[in-house]
Amino acid sequence: MQSLFFLMLIAYGLGALAAVMGGGTAIGRWLVALGAVVGAGAGLALGATVIITGTSFALSVPELLPLGDGLALRLDALGAFFLVVIGVGAIPAALYGAGYTAAYNDGRASLPLLGAMFNLFLLTMSLVTLADNVLTFLLMWEGMSLASYFLVITESGEERVRNAGLWYIAMTHAGFAALVAMFLLLSGGELTASFVNMRSTSAFLGPLTRDAIFLLALFGFGVKAGIVPLHIWLPMAHPVAPSHVSALMSGVMIKMGIYGLMRVALDLLGGGPVWWGGVVLSLGAVSALLGVLYALMEHDLKRLLAYHSVENIGIILIGIGAGLVFHSYGLMTLAALGFIGGLYHTINHASFKGLLFLGAGSVLHATHTRNMEEMGGLIKKMPWTALFFLIGSAAISALPPLNGFASEWLVFQALLGGFNIPVPEVAVLMPIAVGMLALTSGLAAACFVKAFGITFLALPRSHEAEHAHESSLSMRIGMGILALACVGLGLAPFVVVPAIGGVLNGLGGLPDTRQTFTFNLSVQSPSGFGQMSPTLVMLGLLMLLALVPLAMWILRVNRRLRVSDSWGCGRAGQTARMEYTATSFAEPLRRVFAELYRPTKVLTVEFHPDSKYFVRSIAYKSEIAPLFERLLYDPLLRLVQFAARQVRHLQAGSLHLYLVYVTVILLILLLAARWF
Amino acid sequence: MLFSKILRTGLATEPLGDSSDKFIELVRKTEAEIQRHLGRALAIREVDAGSCNGCEIEISGLTGPVYDSERFGIHFVASPRHADMLLVTGPVTRNMEVPLLKTYDATPAPKLVVAVGDCAKHCGVFKGSYAIIGSVDQVIPVDVFVLGCPPEPTDILNGILAALDRRPHKK
């Protein structure tokens, strides 16, 4: 295992080095990708080894950081699971990046910086899962945030990109401050405390301190995960980053928030009162629903996907919240089911969201626009991308037999176990969460009908879409791997679920569920009323597919083909302007949820000066109110600006004044030293 | 309330009168023929290629309360994609030539065309106008012409029956 670890370290390092030496050349781009692929592959193998053998891997380098215990690394099963998630997301993204970054050769961005930061980002993110003391964890966490910040501002020539980067770095540092405070409380003021010590001492903390630790962790990790209302940076930062980075940030990095929450709440604190789980569950349900509702109104393909990340983080948190609730009541098998659902969805989301972002990247690469209203007809120009995007869309819409279905089914099963708790609050909360999750799944499917249909079907709506081209081989391979992962993870829950059961074994007192959920091709819930087998569903679907020609033969369907135009009410010419648009597709839902969106419409008609019966131009503008920006962040920003203005009076620019400050401070310090 | 309304409102539908028996016989025959040929309702798409709307009034009379064609399996549909038969009225105007061709093209085979009214056959009072192309059969193949200005619903029904006979038999 040690050799795998060092292989990972060296590969990422060499990848970064290659980027600095010659990132701009084709060989340099491939070396960067190679470093990342080998590094991520070694990480994947290391994680898989830890999960399969059940023995954790530890490494301590006290010399590296002279402070305290130095750099302490230890990979247990939970960390290993997330290391595997990183591998699943990073290998295809790196391969894809080799082809995708060629477009940056025109000087829009610095390729050496991009390649180096890409490898550093993967390295620090992998080390987060390995960190075994507070200092290592915080250092790696900050390294991950900074590296991803540089990746977000790759195209820093644009104002919008710098703005998004600013939001991201401000939000992530607010979260980081909360994490520092949280770890200080947890370790009793010692930043070098190891996780082992904290695990044993956390039980002796007062209940109020434990609550404060939990809330700080929820905030700090929630910013990274993108929980509503802390999600605000996600739809800004993810779209402007290069697409293979978006895939990693959306598919993998936000999962580090989930990792942190699991690590602190379940592992270090060993679970807590019911309301912890209740809060996580409620936030998850709200995030899921609001995420998908805002995604529906979005016509920027990458922003749409970013909002779907908020939704899927919500689904993961519903599973984890349900797990925490059951955990606090001592219903360990059900708790394990909730956590398994959440973690299963974590790795599933990494695969299908990565795939969708890579697909969106290919579309962006081919059409140079992210606006769906200017796409259309791309399925004819880029059939491979369309196929992969379709697989990703079906997976995120939770259609069997793909992977989204398997994990969402498990989350549903965990929630339906809520009737085991005879407490009114829980008995009400769980069915409401079931309803919200069901609504979310339905709306997500509607949203991806829109995303796929408007982007890939019908006639091209712009010159760029008409002249689109299929993406390069490396990009197609990257997407192909993830598409296979979507199918594989969906068909093999009987392998994945016991593996995650093994990961959770003993964590916060959870039992070994590998025997409870052993499945011959199917998954059974412990309460015994649910059973599902995606593998058999797949076989059934294939058989249905074979039945179609049979039925046609039996019914003697006339199969002579006659090709003619689409029926367009007999109009002489049909243009792309007559097509259904993304806006019109989402209009019914905009009306249904008008209370939330508060849409505004502005219709400007310019008439001919002589007669009002002749119109020169019509402009129609419709937008929805950004609720969280207006109600939460605008007042907050005003407060910060107000405070900054007050402080500015101190800094008047006069040298004499500054000398007075120095003297006064010196006097105060001298007096303080005299008295204390 | 309800009873006083019933009492005060006169008869909304009147009996057919003398030709009642003949008409009922025609309906029975149509129903049987449609059943024999299609095994389901006959779907008709009406195309106004430039008529004065006299024929349309008679065609809508076919679907009205007296004849009520839906009950014996004649169904007017909103798209030629769903239709077995086109019912074309009027002379074909220049503006309607392309739409008529497109509609004919969009109708799935085997398709039947019934041209309704005198204008559809020889342009009626519009003959020689600069705005028209000519009769319907100059644009698309016609199976049956129904003459009359305008033809009565029973005439149209007879035309539909005659066209059904031209449909290739099943098996």
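What you see is a predicted model, and the numbers here were worked out from it, not measured in a lab.

Asker: Go over the overall build of chain A, please, and point to the residues and values.
Answerer: Along chain A, the regular secondary structure elements total 25 helices and six strands. A globule of 676 residues ought to have a C-alpha radius of gyration of about 26 Å, and chain A, at 27 Å, matches this closely. Viewed in the frame of its principal axes, chain A has a C-alpha envelope of about 95 × 70 × 60 Å. Per-residue burial for chain A yields a buried fraction of 54% across its 676 residues. On chain A, roughly 29000 Å² of surface is accessible, and the fraction owed to carbon and sulfur atoms is 69%. Of the side chains in chain A, 38 bear a positive and 32 a negative charge, and the two mean positions are spaced by 6 Å.

Asker: A description of the interface of chain A and chain B should follow, citing residues and the corresponding values.
Answerer: On the chain B side, the residues contacting the eight residues of chain A number 13 residues. Of the roughly 780 Å² buried between chain A and chain B on both sides combined, carbon and sulfur atoms contribute 44%. On the chain A side of the contact with chain B, R562, W567 and G570 of chain A bury the most area, a combined 66% of that side's loss. Along the contact surface separating chain A from chain B lie two salt bridges. Its salt-bridge partner being K102 of chain B, residue D565 of chain A comes within 3.7 Å of it at the nearest N-O pair. Where chain A touches chain B, the interface holds four residue pairs in polar contact (both at pLDDT 80 or more).

Asker: So what's going on with the packing of helix α4 (residues 111-130) of chain A against helix α5 (residues 134-152) of chain A? Residues and values would help.
Answerer: All names here are of chain A. The N-to-C vectors of α4 and α5 enclose an angle of 150°; their axes lie 8 Å apart at closest approach. With respect to each other, α4 and α5 are oriented roughly antiparallel. As α4 packs across α5, the resulting crossing turns out to be left-handed. Between α4 and α5, the residues in contact are L114, M117, F118, L120, F121, T124, M125, L127 and V128 and F137, M140, W141, G143, M144, A147, S148, F150 and L151, respectively. Here the residues of the contact of α4 with α5 are counted per class, giving 15 nonpolar, three polar and no charged.

Asker: Could you give me a rundown of the sheet that holds strand β1 (residues 42-48) of chain B, with the residues and numbers involved?
Answerer: Residues and elements named next belong to chain B. Here five strands make up an open sheet; going across it, the order is β2-β1-β3-β5-β7 and the pairing parallel. Either end of the sheet is taken by a strand with one partner, and the two such strands are β2 (74-76) and β7 (144-146). Across the sheet, the mean angle from the axis of one strand to that of its neighbour is 30°, orientation sign disregarded. Bridging between strand β3 (residues 85-89) and strand β5 (residues 112-116) involves five bridges; their strand directions are parallel. For L86, the partnering residue across the bridge sits in β5 and is V113. With respect to the sheet, helix α4 (residues 94-106) is in contact with β1, β3 and β5, its orientation differing from that of β1 by roughly 165°.

Asker: Mind laying out the packing of α5 of chain A against helix α6 (residues 159-187) of chain A, listing which residues take part and the relevant values?
Answerer: All names here are of chain A. The N-to-C vectors of α5 and α6 enclose an angle of 175°; their axes lie 9 Å apart at closest approach. Judged by the angle between their axes, α5 and α6 are roughly antiparallel. Residues V134, F137, L138, W141, E142, S145, L146, S148, Y149 and V152 of α5 lie in contact with α6, whose contacting residues are V161, G165, L166, Y168, I169, T172, H173, F176, L179, V180 and F183. For the contact of α5 with α6, the per-class residue count stands at 15 nonpolar, five polar and one charged.

Asker: Describe the packing of aromatic side chains, naming the residues involved and giving the relevant values.
Answerer: One pass over the full model with this rule turns up 25 aromatic pairs over all chains. Through successive ring pairs, a cluster of aromatic residues spans F137, W141, F183, F195 and F221 of chain A. Lying across the ring of Y104 of chain B, K111 of chain B places its NZ or CZ 4.3 Å from the centre. Taking the ring centre of F145 of chain B as reference, the NZ or CZ of K121 of chain B above it sits at 4.6 Å.

Asker: Would you mind going over the side chain of T440 of chain A in detail, with residue names and values included?
Answerer: Residue and element names in this part refer to chain A. In this fold, T440 is placed in helix α17 (residues 424-456). Polar side-chain contacts of T440 include one of 2.6 Å to the backbone oxygen of M436. Beyond its immediate sequence surroundings of up to four residues, T440 is in contact with A288, L289, V292 and E311.

Asker: Let's hear about the pairing of β1 of chain B: which residues, and what values?
Answerer: All names here are of chain B. As paired elements, β1 and β2 share three bridges and run parallel to each other. In the strand pairing of β2, L42 is matched with I74. As for the winding sense of the linkage, the β-α-β connection from β1 through helix α3 (residues 54-63) to β2 is right-handed.

Asker: How would you explain the pattern of salt bridges if you had to name every residue and give the values?
Answerer: Oppositely charged side chains can form a pair if their charged atoms are brought close together. Within this structure, the stated rule accounts for 16 salt bridges over all chains. Where R303 of chain A meets E298 of chain A, a salt bridge forms, and the shortest distance between an N and an O atom there is 3.4 Å. Between E33 of chain B and R36 of chain B there is a salt bridge, with its nearest N and O atoms 3.4 Å apart. On the criterion of helical spacing, the pair formed by E33 of chain B and R36 of chain B is a turn pair, its members being three residues apart in helix α2 (residues 20-37). Put simply, D76, R199, R263 and D267 of chain A are held in one network by salt bridges that share partners.

Asker: Which residues make up α6 of chain A, and what values do they have?
Answerer: The end-to-end C-alpha separation of α6 of chain A is 42 Å, in line with the 42 Å expected for 29 residues at 1.5 Å each. Just downstream of α6 of chain A lies G188 of chain A, where phi reads positive at about 70°.

Asker: Could you give an account of the domain arrangement of chain A, naming the residues involved and the relevant values?
Answerer: Here chain A is partitioned into domain 1 (294-553), domain 2 (590-625) and domain 3 (632-675). A straight line from the C-alpha centre of domain 1 of chain A to that of domain 3 of chain A covers 52 Å.

What counts, and at which threshold
Sequence order as written defines the numbering, with residues in each chain counted from 1. Chain A is the first chain written and ligand 1 is the first ligand written, with later ones labelled in order. Per-residue local features are limited, in this predicted model, to residues with pLDDT of at least 70; the limit for side-chain atom pairs, both in listing and counting, is 80 or more; totals at the level of whole chains, interfaces and linings are taken over all residues. In computing side-chain values, all of the structure's heavy atoms are included and hydrogens and water are not. Think of it this way: any DSSP run of H or I at least four residues long counts as a helix, any run of E at least two long counts as a strand, and we number them from the N terminus. When we talk radius of gyration, it's over C-alpha atoms, and the globule rule is simply 2.2 Å times the number of residues to the 0.38. With a 1.4 Å probe rolled over the protein chains alone, any residue whose accessible area is under 20% of its type maximum counts as buried; one over 50% counts as exposed, and the rest are partly exposed. Throughout, the Shrake-Rupley method with a 1.4 Å probe supplies accessible areas, and for residues the shown protein chains are the sole cover considered. Charge assignment in this entry is limited to Lys and Arg as positive and Asp and Glu as negative, and neither His nor the chain termini are counted. Lys charges are placed at NZ, Arg charges at CZ, Asp charges at CG and Glu charges at CD. Contacts between residues were defined by any pair of non-hydrogen atoms, one from each residue, lying within 4.5 Å. Buried area is a sum: the accessible area each of two parts loses on coming together, probed at 1.4 Å, counted once for each and added. In what follows, salt bridge is the name for a side-chain nitrogen of Lys or Arg lying within 4 Å of a carboxyl oxygen of Asp or Glu. Two N or O atoms count as a polar contact when they lie within 3.5 Å, although within protein this holds only if one can serve as hydrogen donor and the other as acceptor, and sequence-adjacent residues are included solely when both atoms are side-chain atoms. Every angle, taken between N-to-C directions, lies between 0 and 180 degrees, and every axis is a line fitted to C-alpha atoms, over only the stretch in contact when it is a helix. The cut-offs work like this: below 35 degrees is roughly parallel, past 145 is roughly antiparallel, 65 to 115 is roughly perpendicular, and the gaps in between are oblique. By convention the crossing between two helices is left-handed if the near helix lies anticlockwise of the far one by an angle smaller than a right angle, and right-handed if it lies clockwise. Gly counts as polar in this scheme, as do all residues outside two lists: the nonpolar Ala, Val, Leu, Ile, Met, Phe, Trp, Tyr, Cys and Pro, and the charged Asp, Glu, Lys and Arg. Strand pairing requires that DSSP identify at least two bridges connecting the strands. A pair of aromatic rings is counted whenever rings of Phe, Tyr or Trp (Trp by its six-membered ring) have centres within 6.5 Å, and the orientation is called stacked for planes under 30 degrees apart, edge-to-face for over 60 and tilted otherwise. Lysine and arginine charges are scored as sitting over a ring when NZ or CZ, respectively, is within 6 Å of the ring centre and within 35 degrees of the ring normal. By definition, the crossover connecting two strands over a helix is right-handed if that path, from the first strand to the second, turns clockwise as seen with the strands pointing away from the viewer. In this analysis, the expected span of each helix is defined as 1.5 Å times one less than the number of residues it contains. Each domain span listed reflects an automatic or database assignment of domains.

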